Amino acid sequence: MPHPAQLVSSLSAPERLSLFARVVTSGPEGLDREEVRGTARHLSRLLRDGLVREEGTRIVAVPGVFGEAMREHKEGARVTDPVDALFHEGRLTSMPARRELRLAALGRVTGRLFAPELEYTEKQVNTALLTCFDDPSALRRYLVEEGFLEREDDGSRYRLARR
């Protein structure tokens, strides 16, 4: 189950939010796959994060996904993982000075926010990073410098690095 912040991040793009709204308002029968033609990239993210699912040729909303994510997050918060201590309500509260801990935190951020097969503009990266850290430029720089994100030389496109 994705972290609640990842679910919110999934809906941060207006096109994805619009697609999700169409699926939700279609009721329990959902939408036929033909009705969502041309939205493969957005649909892929909604499917990956469990907000919608495929039932035959239909795309349906997953009821209760937010509640379940919150329950899991609260139960998992009791774990004494040092990386967990860096996050409060899904947001990274500070960047650790210790490299090992910083790498673990950066790994968690990229795992929550970015899909391996997609490319992102700088604006999309910043929007996603704002969901979990107050200084998206600094976080983006850490992600690139530590090898979690690759970027084009001109800074126009970002993608997850192959690790």
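To keep things clear, this report deals only with the structure shown in the data block. Everything numeric here is computed off the predicted structure, so don't read it as measured data.

**Things to note about the pattern of salt bridges**
Taken as a whole and assessed by the stated rule, the structure comprises 17 salt bridges. Between R159 and E119 there is a salt bridge, with its nearest N and O atoms 3.1 Å apart. Note that R159 is positioned in strand β8 (residues 158–160) and E119 in strand β6 (residues 119–120), a separation of 40 residues in sequence. Since its relative accessible area comes to 37%, E119 is described here as partly exposed. Its salt-bridge partner being R159, residue E150 comes within 3.8 Å of it at the nearest N-O pair.

**Details of the packing of aromatic side chains**
The geometry of two aromatic rings is summed up by the distance between their centres and the angle between their planes. Enumeration according to the criterion identifies one aromatic pair in this entry. Consider the rings of F114 and Y120, whose centres lie 5.1 Å apart with planes at 75 degrees: the pair is edge-to-face. Residue Y120 is classed as buried on the basis of its relative accessible area, which comes to 6%. Note that R112 overlies the ring of F87, its terminal NZ or CZ placed 4.8 Å from the centroid.

**Re the pairing of strand β3 (residues 58–61)**
Looking at chain direction, strand β1 (residues 31–32) and β3 are connected through two bridges and run antiparallel. Each residue of the ladder has a partner; that of L31, found in β3, is I59. Pairing of strand β2 (residues 52–55) with β3 involves four bridges; the strand directions are antiparallel. Of the residues in β3, the one forming a bridge with E55 is R58. Taking the residues that link successive antiparallel strands as the turn, the β2-β3 hairpin has two residues, and the phi of G56 there is positive, at about 65 degrees.

Calculation criteria
Residues numbered from 1 in each chain as written. Predicted model: local features only at pLDDT ≥ 70, side-chain atom pairs only at ≥ 80, totals over all residues. Heavy atoms only, no water. Salt bridge = Lys/Arg side-chain N within 4 Å of Asp/Glu carboxyl O. Helix = DSSP H or I, 4+ residues; strand = E, 2+ residues; numbered from the N terminus. Buried < 20%, exposed > 50% of the residue type's maximum accessible area, 1.4 Å probe, protein only. Phe/Tyr/Trp six-rings, centres within 6.5 Å; stacked < 30°, edge-to-face > 60°. Lys NZ or Arg CZ within 6 Å of the ring centre and 35° of its normal. Pairing = 2+ DSSP bridges.

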